[in-house]
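Survey of secondary and tertiary structure
Residue-level listing of the chains:
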Number of protein chains: 4
Amino acid sequence: MEPIVLNGHDLTLDDLDRIAYDGAPVEIAAEAMERVRKGRRTMEKLAHEGKAIYGFNRGVGWNKDQSVLENQIEQENRRVIYSHALGYGPYNSVEEVRAMMAIRLNNLLIGASCASDDLVEMYRLFLNRGITPRVPRRGSVGEADITTVTHIGMAFAGENDVTYQGTVMSAGEAMAREGIPPYRWQLKDAHTVMLSNSQGEGTAAVLVRETENLLAMSDLIYCLDYEGLNGNVEAMREDVNALRGLPGQQQCAARCRRYLEGSYLYAPDAHRALQDSLSFRGGFTITGTVTDALDVVKKFLAVQINSPSDNPCIIPETQELYVTSNFETTSLAVAVEMLAIALGHLSRTINYRMIKMADPNFTGLTRFLAPRNGESYGYSQMQDAFSALDAENRFLITPSSVDFFAIEGYIEDHASNLPLVVSKALKLVDNIRYLVGMEALYAAQAVDLRGPVKLGKYTQTAYDTIRREIPMLDHLRPIQDDVQKAYKIVRSGVLLKNIENL
Amino acid sequence: MEPIVLNGHDLTLDDLDRIAYDGAPVEIAAEAMERVRKGRRTMEKLAHEGKAIYGFNRGVGWNKDQSVLENQIEQENRRVIYSHALGYGPYNSVEEVRAMMAIRLNNLLIGASCASDDLVEMYRLFLNRGITPRVPRRGSVGEADITTVTHIGMAFAGENDVTYQGTVMSAGEAMAREGIPPYRWQLKDAHTVMLSNSQGEGTAAVLVRETENLLAMSDLIYCLDYEGLNGNVEAMREDVNALRGLPGQQQCAARCRRYLEGSYLYAPDAHRALQDSLSFRGGFTITGTVTDALDVVKKFLAVQINSPSDNPCIIPETQELYVTSNFETTSLAVAVEMLAIALGHLSRTINYRMIKMADPNFTGLTRFLAPRNGESYGYSQMQDAFSALDAENRFLITPSSVDFFAIEGYIEDHASNLPLVVSKALKLVDNIRYLVGMEALYAAQAVDLRGPVKLGKYTQTAYDTIRREIPMLDHLRPIQDDVQKAYKIVRSGVLLKNIENL
Amino acid sequence: MEPIVLNGHDLTLDDLDRIAYDGAPVEIAAEAMERVRKGRRTMEKLAHEGKAIYGFNRGVGWNKDQSVLENQIEQENRRVIYSHALGYGPYNSVEEVRAMMAIRLNNLLIGASCASDDLVEMYRLFLNRGITPRVPRRGSVGEADITTVTHIGMAFAGENDVTYQGTVMSAGEAMAREGIPPYRWQLKDAHTVMLSNSQGEGTAAVLVRETENLLAMSDLIYCLDYEGLNGNVEAMREDVNALRGLPGQQQCAARCRRYLEGSYLYAPDAHRALQDSLSFRGGFTITGTVTDALDVVKKFLAVQINSPSDNPCIIPETQELYVTSNFETTSLAVAVEMLAIALGHLSRTINYRMIKMADPNFTGLTRFLAPRNGESYGYSQMQDAFSALDAENRFLITPSSVDFFAIEGYIEDHASNLPLVVSKALKLVDNIRYLVGMEALYAAQAVDLRGPVKLGKYTQTAYDTIRREIPMLDHLRPIQDDVQKAYKIVRSGVLLKNIENL
Amino acid sequence: MEPIVLNGHDLTLDDLDRIAYDGAPVEIAAEAMERVRKGRRTMEKLAHEGKAIYGFNRGVGWNKDQSVLENQIEQENRRVIYSHALGYGPYNSVEEVRAMMAIRLNNLLIGASCASDDLVEMYRLFLNRGITPRVPRRGSVGEADITTVTHIGMAFAGENDVTYQGTVMSAGEAMAREGIPPYRWQLKDAHTVMLSNSQGEGTAAVLVRETENLLAMSDLIYCLDYEGLNGNVEAMREDVNALRGLPGQQQCAARCRRYLEGSYLYAPDAHRALQDSLSFRGGFTITGTVTDALDVVKKFLAVQINSPSDNPCIIPETQELYVTSNFETTSLAVAVEMLAIALGHLSRTINYRMIKMADPNFTGLTRFLAPRNGESYGYSQMQDAFSALDAENRFLITPSSVDFFAIEGYIEDHASNLPLVVSKALKLVDNIRYLVGMEALYAAQAVDLRGPVKLGKYTQTAYDTIRREIPMLDHLRPIQDDVQKAYKIVRSGVLLKNIENL
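Residues numbered from 1 in each chain as written. Chains lettered and ligands numbered in written order. Predicted model: local features only at pLDDT ≥ 70, side-chain atom pairs only at ≥ 80, totals over all residues. Heavy atoms only, no water.

1. What about the overall build of chain A?
What chain A contains, in helices and strands, is 20 helices and nine strands. Over its C-alpha trace chain A gives a radius of gyration of 26 Å, about what one expects of a compact globule, namely 23 Å for 502 residues. The principal-axis extent of the C-alpha atoms belonging to chain A is close to 85 × 50 × 45 Å. Counting every position in chain A, which comprises 502 residues, the buried fraction comes to 72%. If you take every contact in chain A between residues at least 6 apart in sequence, the share linking residues at least 24 apart comes to 77%. Counting only carbon and sulfur atoms, one obtains 49% of the accessible surface of chain A, whose full area is about 14000 Å². For chain A, the separation between the mean place of its 51 positive charges and that of its 64 negative charges on side chains is 2 Å. (Helix = DSSP H or I, 4+ residues; strand = E, 2+ residues; numbered from the N terminus. Rg over C-alpha atoms; globule rule 2.2 N^0.38 Å. Buried < 20%, exposed > 50% of the residue type's maximum accessible area, 1.4 Å probe, protein only. Contact = heavy atoms within 4.5 Å. Areas by Shrake-Rupley, 256 points an atom, 1.4 Å probe, with all protein chains shown as cover. Lys, Arg positive; Asp, Glu negative; His and termini not counted. Charge placed at Lys NZ, Arg CZ, Asp CG, Glu CD.)

As structure tokens, this is what we get:
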């Protein structure tokens, strides 16, 4: 695979996806490496001149007024790592941790962080050899992700566990297999490893990708469901939505029109309702809102993966060293919280569509879409199950970014809780996968009950994808199996893969 | 005052401010009026051809399948108004209702709504003659603001109350004084009045202005407070923040640097701490986050005030009539909820700064900034009071947009709750005015205790503005009076007026 | 009116109601006054012996290590009052403040608080002469209600405002009219006034009464609504509910059976559904849950109004003085939060019942209960209005008790936020009054549409009470007036008064 | 082990613990079995007489108006089971599922449920042979736990998985090993299995036990921490707390006094502060509030495990069959939500104590309790980690019981979400175990730094338990290991076991 060349300035979210999900290797631009060296020399010079540097010749946190002598540096680095690596399970996924390492590596290359050459090399090696430290998902307040990302430092030194070739093993063993000696700490490396928001940012990058996939699948199944309803798609027209001018709404309406190309819904039908319920008529406005919210997340995230969160930092142009607040990531955190609320709307909307699909007054079909042969109750009880999931989703949109204490000698009196905030949004995404899966069951069953109708170009493929795994519900079987299969279809992304080349 | 010419396309948030706050009159562009007429003729033609039009020759809501005969139109309009005007107090402010009327008038001018000429004229007259209907703040689910904005229609017909020349009186009486006869309903006017998100949008416009003012004042008082602390402003540097590249953070850092121009904080001082607590060091990153969130709100709001929320709507280019979902305002609603969360961070940050300012370990000043003569306890108990306010603020950031039922025959199965969402954010803004006022008391007291120091160009003016009303706390007096005066200084905007011409 | 004799030990919630709502005067038991004197002498003796007493010969809060000399006592009391009376509007109601004064007076009589005789007398005089201090509703963290209840102390000293004979006036003026001289501070009186949870407790007492009334009215209207539905009341049977054994459910089922005595619902009807929707079938289980939650609130409140929140306090039996945590009122606070959640269930349940009543599939009546003559849309749009109210109610159940800072030199690192918590519950109660009022409109309309049916003994009276003010909706009129009238019927309590003597 | 004899009437929470945790077998009282038979005969008789019985000769849910013929009964039972068993992972623990089965078995014995003899026997066999069905934790709205508890029915029929002798295997295989044939459905057995709140109740029973253990350990470690602080325990006195009279506060104060028996804190010390911060001074009031809330949970739970949630149900005395709402479990659900809020207070309080313990101004010890030899940073960074956990805890107290849809043909328009509500509380308990563990680290370290002091009778044992696993932090080591060990000490319950026989 073609390596991604990192230089600290133009890493894209797509690049990150390739590194995180596809295992793309990374290389480091030569001029970037030069900036790293220049920055390091600056910091050494300043330290020799007696300037107090937090995390280098001064302690961190409440110990910021304590001096560190030069010959204590390696020991002090170890002390910092040992006292800062903390957290609680479960662990981040391999994809998440790869995104974290790529982001931190990239922003070290700006030359603002005072990383040693060897430290930069460690990130590159771990990424390219597929050694992925085990990082606890919980334990950081997001200011920066000190406690959790320090586990990456532990792994560099050969301690704790990593995932390597699909197996969890000790870092030391994986490194030995790859011929990489345990890292020996230099300069302020420990501090450099830990002063990064990369856990929040890396998981946010994963969230962006997974939400985008979810939205595409949700729109696809919504369109199939609309065909199951025989609904009125007038409100989806290009001119109608251009008149309002909201960006996400227009994008999702356009996608849905594409998905429905050729559908019988575009042929006139005297039996069709004048206006459907809002969950159907405006389904694309809801994914539109999620898209709008996602754009805000992407905007801040794209800035942050190409900029340093270090404190202090070196200004590359002037080679001066300053105290910063650049580890503050609150705009990103509140944007993710907005995204979570938007996902809450999507959850409710899918639920209301399913409730409608079970109601003969709306569909003209059977109650609960039960087969006409009386062999099954249809998808009635799924209503309890998806309603229970929505209750959890309503809970997951509660904001958390503002909940923190004044800690570390009352000095850390602000936090963003970005990792927690992202984790909750990821859980929402996974729960909504179930909902999309269940809507797929409703949609395909309604299409079957409605009898032969011409589906859209893409929705036909979606229907086929579902029916390949899950036959029509016209004989007695455990519904739970259908739900689990439908979830797996959504989880695996096969729905999108199958429409890719249409 | 120069009138604002409305044409449905380029109304700005600044224009809206002038109409709402300064009472600027409005005029209607001639070509816009032509569009209105063209649209109306289209709808009449379609109705005559027998097309079913929701709210015109068909009922609304669950009655959408009921026909309305031509000779029943006036009566049907009244029936719609009488059965839709609902809500609970308190009432929107005059500024809010003026913004609401201006927005609805403006987007009628797009020609998509089928308003009669006379209805358009009613909005213009009410705005220009200063007749402001009383609109209940509560009662709309924001999909559109049917229940509440219909009170504007009630007032047009001379019913219910309005505010006129500072007095609440019956609509009929105010109209009589201005020689305006009660409105007689035509076409689908009742429906046109009510199918508007203008309550949510109008109050959001007020929220935007009041948040912007609050942020400027909060930054100003934060800078004065920083002078009270004798803190380290290095993290506020332009280059440091450019390195991170987050937009709001950069804007607010720039504003703070301007406010502090000439301050003694830029002179070296051996006693200054290397790094202050995050609430001080990164104060501008928090207003930066609020600014970032506000930009998202402004982006969607600017689109919506120049686009129609009508359903059905006419496409002006083709003069065709379509069903829409253009009353969906969820992106704006979730953006306001993000803004509220950002304001929650501001609330907490101001609180933590005040807690620090009371602590001699951080300030080197007296406990609770008590006067050295022992005459007063200083501002100790204000800590209970601002802590109580923050508890309320924490509560106010809870999202509400997702909480709705499937109503109106299960057809309205989505809502945005925009009016509620905005009301909560406005309450947050007002609560934070108290906090900024209290921080001003702490800041000025600390400056006084610190002895003669050179303040910044703008912070000196802020200090003077405060001290003009509230002397140093060095004698026994009820603290409550100080808090109320400080709140009024912030509420009145005098802090900003006084620095305007520096 | 017969005075309530207070002795510190057996004040009931009913007594409190009589003092707060009916203006009953209070007297002080002689033996209680003796305890007060004994306690005071103890504290004086200990202070003379040199024992450090917080708030007496030592400062309060972070000043707890500062000594207060004997000749500074009056000045120090004033200093405490002036620096502790804080808060934000709106103000507590007269009923709430009377409850607050009665509670504090009562628990002073235990003899644990070191009140002076004169201070005790001030509470008695203010209660009996109808002088009610203006106390800001917001500003206390509930640990104790220091900031806000100190306004009572301000009024004792003739400062700030009171309500007197229905008018707001200065405390000084009201006292002059009653011949009461401004209070001169003694001992640790200022501290004694302020170290009380009586704002939280007094408003909680008002909450208890108003919730009890609301529940009785809600059950009554629910029963009338059930008659409107022609529902199946089998699940309300005594034996059925005894089998489950939950206390609130049994009580409310019993009350509903009484309300429905003689109703046609007890006569067989072949058209009646086998089982109604849960909101009807189990309506009494929801008021039952509110009743169960209310019982927990009453349990803690009954303890607290007869026990001292003072710190330090005197043990009456041994006359020793100890530091306490008796101002911690968290059990009461979380109980009120549970009550709020229970009220949230009631809100949703009433909404779902109204949604059902508008649906001909459930009622067999007209859509939205519109009159058969086509004169009105019926109560359709009320659905938007009550749905909007429920969104606010969902928001109001968010807990707040855990949101606090470490303040006052980091010493006050816990809070209960009881006053905020109670205020939110009171707002819920008021919002639900609207819902009960709207359900009354639905219920009476449904009964009318159903034609002559025999109502229950109590529901007939409820029907008559409503119809006396609001005729059947069979002609065109603004629905808003119906809603406001219905709310006032509930607010005034006339529904309960009219069934009192049945 | 002595079997627990079940009769439907006097199952205690302690009995449940023995069945769930200790694997105690159950037996069925003879007279109870007689009631079961009598009830069943009644229902058969009524069905033969043509009475419509929900779930027997009528369908369930929206199918309640569909008849079921006698010869279809087995098939209909299978249809019900297959269409109702739903849910999402993770799975309930073995202890939880045993509690669920014991509760359902017990309340079948009341004779109100129409269970067949064979069905009753299946519960008994599964409990006594240690076959535990796999029940998904998520998927029920708690009205009853239809979707999830139906998995127990699946297992009875030999389908899906169970845990047997520590291994997950197919139900069929486990049953074959025990010689139990797959269950053949009779009567309305499927309905009887599923119409039970036993998932909510069973997990609530586990919650009760685990919270009680947590509270005892938290009080113990709090006392040890208080010794680390050299604090003032005056507020813990019996007379002081009796004066206030709040039950939980008195119980926890008593427990703490016992834990501290013999401690040096009871000896006078001139250096001791007059009053400690509230988190120390009133620590027992917070566990007191949790105890108070737990008592409410226990009250409702004790009723429910001995009463039937069936609908319809038979009245044993009269052998009549009625529709019920006895599956409504809202009082229990809101009580658990109150418990969660109370646990939120405990979380915050432990955090504030740890913040104090790191502050030399409060302790007179080193910063962050770092060893005096400079070998370690002490427990500084744990502050980020526990603060992150509290942010999650603040999130977990958000109520969920009110969040539901009107489902199943709009008939199920109320829910309690009890299983979700309990799951969140259980997560809170587990998170607080980490906090108690970390407080134990702080406490033991502070005691060590303070030098030789006489600990209390119980706290000395707690200290020894900790130090056996985790030595004093006076040499360089990864702090994370300490935290994990401390968590395991709390999780295992060894702290309580070691003090049991003192």
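The rest of the description comes next.
2. Comments concerning the pairing of strand β7 (residues 167-170) of chain A
Within a regular strand, side chains alternate between the sheet's two faces. Residues and elements named next belong to chain A. Here strand β6 (residues 161-164) runs beside β7; their pairing, made up of four bridges, is antiparallel. Note that in β7 the partner of Y164 across the bridge is T167. Count of turn residues in the β6/β7 antiparallel hairpin: two residues, of which Q165 carries a positive phi of about 50°. (Pairing = 2+ DSSP bridges.)

3. Side note on the environment of N241 of chain B
Residues and elements named next belong to chain B. Tracing the backbone shows N241 in helix α10 (residues 238-244). Measuring from C-alpha to C-alpha, the distance between N241 and L214 comes to 22 Å, with 27 residues separating the pair along the chain. A polar side-chain atom of N241 sits 3.0 Å from the main-chain carbonyl oxygen of A235. Only 3.5 Å separates the side chain of N241 from the backbone oxygen of M236, close enough to count as a polar contact. (Polar contact = N/O pair within 3.5 Å; in protein donor to acceptor, adjacent residues only side chain to side chain.)

4. Re the interface of chain C and chain D
With 86 residues of chain C in contact, the opposing surface of chain D contributes 86 residues. Summing the contributions of chain C and of chain D, the shared interface buries around 7400 Å²; its carbon and sulfur component is 62%. Where chain C touches chain D, the interface holds eight salt bridges. A salt bridge links D403 of chain D to R394 of chain C; its shortest N-O distance comes to 2.7 Å. (Buried area = accessible area lost by both parts, 1.4 Å probe. Salt bridge = Lys/Arg side-chain N within 4 Å of Asp/Glu carboxyl O.)

5. A look at helix α6 (residues 146-156) of chain D
Residue and element names in this part refer to chain D. Most of α6 sits inside the fold, with eleven of its eleven residues counted as buried. Those residues of α6 that sit buried are I146, T147, T148, V149, T150, H151, I152, G153, M154, A155 and F156. Directly after α6, the chain includes G158, whose backbone phi takes a positive value near 85°.

6. Topic: the sheet that holds strand β4 (residues 131-133) of chain B
Hydrogen bonds between backbone groups are what pair the strands of a sheet, and the pairing can be parallel or antiparallel. Residue and element names in this part refer to chain B. A sheet is described by the order of its strands in space; here three strands give the open sequence β4-β6-β7, paired in antiparallel fashion. Of all the strands in the sheet, the pair left with one neighbour each is β4 and β7 (167-170). Across the sheet, the mean angle separating the axes of adjacent strands is 40° when strand polarity is ignored. Both β4 and strand β6 (residues 161-164) contribute to a ladder of three bridges, which runs antiparallel. Residue pairing in the sheet places I131 in a bridge with Y164 of β6. The sheet strands contacting helix α4 (residues 94-108) are β4 and β6, and the helix crosses β4 at an angle near 95°. (Axes fitted to C-alpha atoms, helices over the stretch in contact; angles between N-to-C directions.)

7. Brief notes about the packing of aromatic side chains
The full count for this structure, using the stated rule, is 52 aromatic pairs over all chains. Residues Y226 of chain D and F280 of chain D carry aromatic rings whose centres are separated by 5.3 Å and whose planes lie at 35° to one another, so their mutual orientation is tilted. Of the two residues, Y226 of chain D is situated in helix α9 (residues 198-229) and F280 of chain D in helix α12 (residues 278-281); the sequence distance between them amounts to 54 residues. Accessibility expressed as a relative area gives 1% for F280 of chain D, which makes it buried. Members of the aromatic cluster, connected to one another through ring pairs, are Y88 of chain A together with Y434 and Y487 of chain D. Positioned above the aromatic ring of F362 of chain A, the side-chain terminus of K356 of chain A is 5.3 Å from the ring centre. (Phe/Tyr/Trp six-rings, centres within 6.5 Å; stacked < 30°, edge-to-face > 60°. Lys NZ or Arg CZ within 6 Å of the ring centre and 35° of its normal.)

8. Regarding the pattern of salt bridges
Residues and elements named next belong to chain A. Counted under the stated rule, the structure contains 120 salt bridges over all chains. Between D117 and R37 there is a salt bridge, with its nearest N and O atoms 2.7 Å apart. In this pair, D117 sits in helix α5 (residues 117-129) while R37 sits in helix α2 (residues 30-48), placing the two residues 80 residues apart along the sequence. Look at D117 and you get partly exposed, because its relative accessible area is 22%. A network of salt bridges, in which partner residues are shared, links E34, R37, R40, R41 and D117.

9. Let's talk about the sheet that holds strand β4 (residues 131-133) of chain D
All names here are of chain D. Judged by pairing direction, the sheet is antiparallel, and its three strands sit side by side in the order β4-β6-β7 without closing on themselves. Since the sheet does not close on itself, it has two edges, and those belong to β4 and β7 (167-170), each with one partner. Strand-to-strand twist across the sheet, computed as the mean angle between neighbouring axes with direction ignored, equals 40°.

10. Considering the relation of the copies chain C and chain D
One copy of the chain maps onto the other through a rotation about an axis plus a displacement along that axis. Between chain C and chain D, the superposition needs a rotation of 180° and an axial shift of 0.0 Å, giving an RMSD of 0.0 Å. These values place the two chain copies in the arrangement generated by a two-fold rotation axis. Considering only C-alpha atoms, the part of chain C nearest the rotation axis is M338 of chain C, at 2.7 Å. A symmetric contact is evident, with 100% of the interface residues of chain C recurring at the interface of chain D. (Least-squares fit on C-alpha atoms with pLDDT ≥ 70 in both.)

11. Focus: the interface of chain A and chain B
Residue-level contacts link 86 residues of chain A with 86 residues of chain B. Taken together, the connections running from chain A to chain B amount to eight salt bridges. Across the pair K356 of chain A and D413 of chain B runs a salt bridge, and its minimum N-O distance is 3.0 Å. Linking chain A with chain B are 50 residue pairs in polar contact (both at pLDDT 80 or more), by the criterion used here. Elements with a contribution of two residues or more to the side of chain A that touches chain B: α10 (238-244), α11 (247-259), α12 (278-281), α13 (283-304), β8 (313-315), β9 (320-322) and α14 (330-357) of chain A. Per-element accounting of the side of chain A that touches chain B gives the leading share, 14 residues, to α14 of chain A. When its residues are assigned to classes, the side of chain A that touches chain B shows 41 nonpolar, 26 polar and 19 charged. (Nonpolar A, V, L, I, M, F, W, Y, C, P; charged D, E, K, R; others polar.)

12. So, helix α18 (residues 457-469) of chain D
All of the buried residues along α18 of chain D are Y458, T459, T461, A462, Y463, T465, I466 and R467 of chain D. Looking at the buried residues of α18 of chain D, the elements they touch are α9, α11 (247-259), α17 (418-450), α19 (479-492) and α20 (494-499) of chain D.

13. Looking at the packing of helix α4 (residues 94-108) of chain D against helix α5 (residues 117-129) of chain D
Residues and elements named next belong to chain D. With their axes 10 Å apart at the nearest point, α4 and α5 run at an angle of 150° to one another. Between α4 and α5, the crossing angle belongs to the class labelled roughly antiparallel. The way α4 lies across α5 gives a crossing that is left-handed. Residues R98, M101, A102, R104, L105 and L108 of α4 pack against V120, Y123, R124, F126 and L127 of α5. Each residue belonging to the contact of α4 with α5 can be placed in one class, and the counts come to eight nonpolar, no polar and three charged. (Parallel < 35°, antiparallel > 145°, perpendicular 65-115°, else oblique. Left-handed = near helix turned anticlockwise from the far one by under 90°.)

14. Here we look at the relation of the copies chain A and chain B
Of the two same-sequence chains, chain A is brought onto chain B (RMSD 0.0 Å, axial shift 0.0 Å) by a rotation of 180°. A symmetric contact is evident, with 100% of the interface residues of chain A recurring at the interface of chain B.

15. Regarding the environment of I305 of chain D
Counting through the fold element by element, I305 of chain D comes out in the loop between α13 (283-304) and β8 (313-315). The spatial distance from the C-alpha of I305 of chain D to the C-alpha of L343 of chain D is 24 Å, given a sequence separation of 38 residues.

16. Observations regarding unusual backbone geometry
E143 of chain A connects to A144 of chain A through a cis peptide bond whose omega is -20°. One can find A144 of chain A in the loop between β5 (136-138) and α6 (146-156). Across the junction of N311 of chain D and P312 of chain D, the peptide omega takes the value -5°, indicating a cis bond. With respect to the element layout, P312 of chain D can be found in the loop between α13 and β8. Positive phi, close to 55°, is recorded for F368 of chain B, a residue that is not glycine. With respect to the secondary-structure elements, F368 of chain B resides in the loop between α15 (360-363) and α16 (382-396).

17. Some words on the environment of G89 of chain D
All names here are of chain D. Its place among the elements puts G89 in strand β3 (residues 88-91). With relative accessibility at 31%, the residue G89 sits in the partly exposed group. In this structure, the C-alpha to C-alpha distance between G89 and A32, residues 57 residues apart in sequence, is 35 Å. For G89, the residues in contact, after removing those within four places along its chain, are P136 and R138.

In short, geometric facts, not functional conclusions.
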